[in-house]
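What follows is the residue order along each chain.
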Amino acid sequence: MTNKFIFALFLLTSYQSTAHADGKLSGTVIGTLEAVNYQTGQKSTTVNTRENAFDGDLSTFFASWDRSYTWTGLDLGSPHVITRVGWSPRNDGLGEGRVVLGVFEGANREDFMDALPIYLISEKGTIGTMSYADVNCSRGFRYVRYIGPSDARCNIAELEFYGTPGEGDDSHLYQVTNLPTVSIHTLNGEIPYDKEHQITSQLTIISEDGTHLLSEPGTTKERGNASRQFPKKPYRIKFDKKQNVLDAPAKAKKWTLINNYGDKTLMRNLLAFELSRRMGLSYTPYGTAVDVLLNGEYKGCYQLCDQIEVNKNRVNITDDSYLIEVDAYAYDEPVYFVSNQNNPVTIKSPDEETITAEQVTDIKNFFNKMENQWKEYLDLNSFLRHFLVGELSGNTDTYWSVYMYKPADEEMLYTGPVWDFDLAFNNDNRTYPITSNRSDYIYRSGGSCAGNMKQFVDKIVVNDTYSKQQLTALWGEARQRGLTEESMVAYIDSLEQALDQSQKLNFLRWPIMNEYVHQNPHIWGSYTAEVENVRQYMQQRIGWMDRKLNYTHQSSGITDVPLDTTKSYQVYTLAGQPCGNSLDALSPGIYIVRQGQTTKKVIVSPY
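Below or above, wherever it landed, is the structure these notes cover. (Residues numbered from 1 in each chain as written. Predicted model: local features only at pLDDT ≥ 70, side-chain atom pairs only at ≥ 80, totals over all residues. Heavy atoms only, no water.)

**Observations regarding the packing of helix H6 (residues 380–393) against helix H8 (residues 453–461)**
Part 1: Following both chains from N to C, one finds H6 and H8 inclined at 110°, their axes separated by 12 Å at the closest point. Between H6 and H8, the angle falls in the class roughly perpendicular. Residue-level inspection shows Leu380, Phe383, Leu384 and Phe387 of H6 in contact with H8, the latter providing Phe456, Val457, Ile460 and Val461.
Part 2: Classifying every residue of the contact of H6 with H8 gives 8 nonpolar, no polar and no charged. (Axes fitted to C-alpha atoms, helices over the stretch in contact; angles between N-to-C directions. Helix = DSSP H or I, 4+ residues; strand = E, 2+ residues; numbered from the N terminus. Parallel < 35°, antiparallel > 145°, perpendicular 65-115°, else oblique. Contact = heavy atoms within 4.5 Å. Nonpolar A, V, L, I, M, F, W, Y, C, P; charged D, E, K, R; others polar.)

Take a look at the structure:
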């Protein structure tokens with residue numbers, strides 16, 4: 001063996017990490033270079049540096065110059081499966097709290113684009129003492145780090161990593177809570193800053209108790225209008241290739257992360273989507289609660305949701321059809337028009353990159369025609385179902401932003417899907433309390449309407465006799481199908497339970513529970529009380545809708561079960577009038593079916 005080879009081997013082995021008898025790892029210190037010298041208030045590379053977090057001295061500390069997204073860690077030289085982490089806060093008056101929501105990550109790329117979370121600190125540390133946590137992540141990492149929580153300058157006295165050599169596997173990864181974890185890493189750590197610029201990203205979703213991983217390249221940008229003004233930003237993520245995300249029906253590139261900042265229950269959109277399903281709209285957006293990390297920093301509890309777009313499992317129309325939004329913010333959008341009745345409309349599909357001037361003219365002309373002749377060109381069924389969701393939820397924004405679509409092969413405009421319910425369910429100081437203060441529909445008594453949408457809706461649900469009859473019939477259908485106070489309270493209870501772990505972290509990150517945020521009408525003071533407000537509203541509002549629509553609900557004694565269509569049966573109306581021996585071609589509604597000695601209630605839906 002030559003001296004040159006021996007020297008190279010010495011370099012390699014000396015660079016690799018070493019492990020103590022207890023599995024404690026060491027390596028080359030990496031991380032944010034610029035520190036702060038608190039005595040001078042200036043940047044430093046010699047005082048309070050990243051190396052202090054690994055010097056074994058609890059009296060020294062690392063404090064970065066930048067306040068957020070800063071970190072320190074180790075290059076272990078080769079992959080190690082991390083089994084334990086330790087930390088101790090800086091010895092000062094704020095030190096114990098500065099570690100709360102600090103995140104440990106592991107990666108095999110030096111830039112941490114492929115990083116996965118391995119632990120999040122949820123409680124205060126103890127000055128002068130190491131705290132420890134076991135890590136349950138089966139993948140091995142060469143690079144490990146600690147990212148300080150937002151606005152903390154990292155500020156850590158000491159860090160320790162423990163583990164064993166090996167590449168490991170992905171059989172079990174770390175989730176922040178029981179909810180799926182969405183972890184976004186951007187190229188060069190660039191933070192999304194507007195709705196136009198898409199930041200190159202690695203998009204990672206860990207779910208199913210850490211047993212399922214989706215990690216693919218894509219982009220991230222901000223999204224939304226008013227919601228972008230909050231410190232907790234909403235995001236649009238876009239995979240480079242279409243992906244099946246969690247249990248969502250659509251395989252798609254684009255997905256939204258709704259911030260729900262002003263909704264302290266974190267569930268209003270999910271609850272409204274459930275109402276949409278129960279009202280029988282043809283498409284209800286997919287939505288589920290998740291925890292979000294951005295470049296290793298915990299951002300809070302979000303709602304991962306469909307992007308509203310043309311897709312066979314979203315708005316199911318062909319690419320040459322039209323998707324539009326009557327939109328109070330249309331004037332800020334790249335492609336929009338104002339109708340003859342002064343309603344601002346954004347064209348969503350075709351998008352700004354492909355739409356032609358001829359297509360803009362076509363959809364504008366058709367919309368104007370629909371406004372004047374709505375009985376002929378507006379699909380009343382979808383419009384009324386959408387209306388009922390907005391009114392039952394008490395959504396003041398129903399006609400501030402409303403999606404509509406026109407299939408290419410039809411001369412008809414459909415309404416939907418439902419969207420944007422952060423001010424619904426008694427969360428708007430302009431209309432609170434809805435059920436005791438408002439005798440009329442919410443869109444007519446305090447709701448926000450784009451352009452002249454209030455007058456347009458009045459034509460249909462106030463001034464047209466047939467539409468009002470249909471509205472009552474659709475409401476009765478939903479009530480008979482199981483839309484009850486008891487069932488909705490049970491659904492709210494299930495959301496509260498599912499969100500419990502995540503909401504606690506969310507309100508550590510955003511301590512706003514005792515602050516007025518956005519249009520909050522009242523400070524309830526706790527998550528439990530916030531949810532109880534929604535629970536009581538839902539119980540009261542269903543009865544209010546019954547009275548408003550002159551509907552008397554009677555529980556049916558007939559079991560609602562599937563019909564075996566392979567056997568003969570007879571169909572009757574609820575009044576007992578025979579309708580033949582087939583459900584085909586029957587008008588939407590509730591029917592009684594007799595099959596042998598069994599009598600069943602069957603719902604015939606237009607969808």
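**A look at a negative patch on the surface**
Part 1: Side chains of Glu196, Asp351, Glu352 and Glu353 sit close together on the surface and give a patch of like negative charge.
Part 2: Inspection of the secondary structure assignment puts glutamate 196 in the loop between strand E12 (181–186) and strand E13 (199–207). (Patch = residues over 30% accessible without salt bridge, like charges linked within 9 Å, V, L, I, M, F, W, Y side chains within 5 Å. Areas by Shrake-Rupley, 256 points an atom, 1.4 Å probe, with all protein chains shown as cover. Salt bridge = Lys/Arg side-chain N within 4 Å of Asp/Glu carboxyl O. Lys, Arg positive; Asp, Glu negative; His and termini not counted. Charge placed at Lys NZ, Arg CZ, Asp CG, Glu CD.)

**Concerning the sheet that holds strand E14 (residues 212–222)**
Part 1: Strand order in the closed barrel formed by 7 strands is E12-E13-E14-E15-E16-E18-E17, with mixed pairing between adjacent strands. In this sheet, adjacent strand axes meet at a mean angle of 35° when their direction is disregarded.
Part 2: Relative to strand E17 (residues 287–294), E12 runs parallel, the two being bridged by 4 bridges. Within E17, the position partnered with serine 183 by the bridge is leucine 293. (Pairing = 2+ DSSP bridges.)

**Some words on the packing of aromatic side chains**
Part 1: Within this structure, the stated rule accounts for 27 aromatic pairs.
Part 2: Look at phenylalanine 383 and tyrosine 399: their rings are 6.3 Å apart centre to centre, the planes differ by 25°, and that puts the pair in the stacked class. Taken as a pair, phenylalanine 383 in helix H6 and tyrosine 399 in the loop between H6 and strand E22 (401–406) lie far apart in primary sequence, 16 residues in all.
Part 3: Residue class for phenylalanine 383 comes out buried when judged on its relative accessible area of 1%.
Part 4: Judged by its relative accessible area of 2%, tyrosine 399 falls in the buried class.
Part 5: When the centroid spacing of 6.3 Å and the interplanar angle of 85° are considered together, the rings of phenylalanine 383 and phenylalanine 456 count as edge-to-face. Here phenylalanine 383, found in helix H6, pairs with phenylalanine 456, found in helix H8; they are 73 residues apart in sequence, far enough to count as distant.
Part 6: Residue phenylalanine 456 is classed as buried on the basis of its relative accessible area, which comes to 3%.
Part 7: By the ring-pair criterion, three or more aromatic residues cluster together here, those being Phe383, Phe387, Tyr399, Tyr441, Tyr443, Phe456 and Trp544.
Part 8: Sitting over the ring of phenylalanine 112, arginine 145 keeps its end group 4.1 Å from the ring centre.
Part 9: The ring centre of tryptophan 255 lies 4.4 Å from the NZ or CZ of arginine 314, which sits over that ring. (Phe/Tyr/Trp six-rings, centres within 6.5 Å; stacked < 30°, edge-to-face > 60°. Buried < 20%, exposed > 50% of the residue type's maximum accessible area, 1.4 Å probe, protein only. Lys NZ or Arg CZ within 6 Å of the ring centre and 35° of its normal.)

**Side note on the sheet that holds E22**
Part 1: Taking strand neighbours across the sheet as the criterion, the 5 strands line up as E20-E21-E19-E22-E23 in an open arrangement whose pairing is antiparallel. Unpaired on one side and paired on the other, strand E20 (336–338) and strand E23 (414–415) mark the two borders of the sheet.
Part 2: Pairing of E22 with E23 involves 2 bridges; the strand directions are antiparallel. Across the sheet, methionine 404 pairs through a bridge with threonine 415, a residue of E23.
Part 3: Each of strand E19 (322–327), E20, strand E21 (344–349) and E22 is contacted by helix H4 (residues 357–372), which is oriented at about 60° to E19, the strand it contacts most.

**Describing the pairing of strand E8 (residues 116–120)**
Part 1: Burial within E8 is extensive, with 5 of its 5 residues counted as buried.
Part 2: As judged from the 4 bridges shared by strand E7 (residues 103–107) and E8, these two strands associate in the antiparallel manner. When the sheet's bridge partners are listed, glutamate 105 is paired in E8 with proline 117.

**Quick word on the pattern of salt bridges**
A side chain with one charge may pair with a side chain of the opposite charge, provided their charged atoms come close.
Part 1: Counted according to the given criterion, the structure contains 36 salt bridges.
Part 2: Between arginine 142 and aspartate 75 there is a salt bridge, and its shortest N-O distance comes to 2.8 Å. Taken together, the residues arginine 142 in strand E10 (residues 140–147) and aspartate 75 in strand E6 (residues 71–89) connect sequence positions 67 residues apart.
Part 3: By relative accessible area, arginine 142 is classed as partly exposed at 22%.

**Quick look at the environment of serine 201**
Part 1: Summarising the element assignment, serine 201 is placed in strand E13.
Part 2: Owing to a relative accessible area of 2%, serine 201 belongs among the buried residues under this scheme.
Part 3: With 347 residues separating them along the chain, serine 201 and lysine 548 place their C-alpha atoms 50 Å apart.
Part 4: Other than its neighbours up to four places away in sequence, serine 201 contacts Met113, Ile184, His185, Thr186, Glu216, Pro217, Gly218, Thr219 and Thr220.

**Considerations on a positive patch on the surface**
Part 1: A cluster of basic residues, Lys242, Lys251, Lys253 and Lys312, forms a positive patch at the surface.
Part 2: One can find lysine 253 in strand E16 (residues 251–258).

**As for helix H10 (residues 485–509)**
Part 1: For H10, built from 25 residues, the straight-helix expectation of 36 Å at 1.5 Å per residue is met to within 8% by its first-to-last C-alpha distance of 34 Å.
Part 2: Within H10, the axis deviates most sharply at aspartate 500, by approximately 55°. (Expected span 1.5 Å × (residues − 1). Bend = angle between axes of the 7 residues up to and from the residue.)

**Examining helix H3 (residues 268–278)**
Three or four residues apart is the spacing at which side chains of an α-helix point the same way, because the helix has 3.6 residues per turn.
Part 1: The buried fraction of H3 amounts to 9 of the 11 residues, a majority that puts the element mostly inside the structure.
Part 2: Residues of H3 that are buried: Arg268, Asn269, Leu270, Leu271, Ala272, Phe273, Glu274, Leu275 and Ser276.

**Considerations on the pairing of strand E9 (residues 131–134)**
Part 1: Side chains Ser131 and Ala133 project from E9 onto a buried face, and the interleaved Tyr132 and Asp134 project onto a face without burial.
Part 2: Examined bridge by bridge, E6 and E9 share 4 bridges and lie antiparallel to one another. In the sheet register, valine 85 faces E9, and the bridge partner there is alanine 133.

**Thoughts on the packing of H6 against helix H9 (residues 465–480)**
Part 1: One can describe the packing of H6 onto H9 by two numbers: an axis separation of 10 Å at closest approach and a directional angle of 65°. Note that H6 runs across H9; the crossing there is right-handed. Contacts between H6 and H9 involve Leu380, Asn381, Leu384, Arg385, Phe387, Leu388 and Leu392 from the former and Tyr466, Ser467, Gln470, Leu471, Leu474, Trp475 and Glu477 from the latter.
Part 2: In terms of residue class, the contact of H6 with H9 is built from 9 nonpolar, 3 polar and 2 charged. (Left-handed = near helix turned anticlockwise from the far one by under 90°.)

**A word on the state of the cysteines**
Part 1: Under the definition given, this model contains 0 disulfides.
Part 2: With no disulfide of its own, cysteine 301 lies closest to cysteine 305 among cysteine sulfurs, the gap being 13 Å. (Disulfide = S-S within 2.5 Å.)

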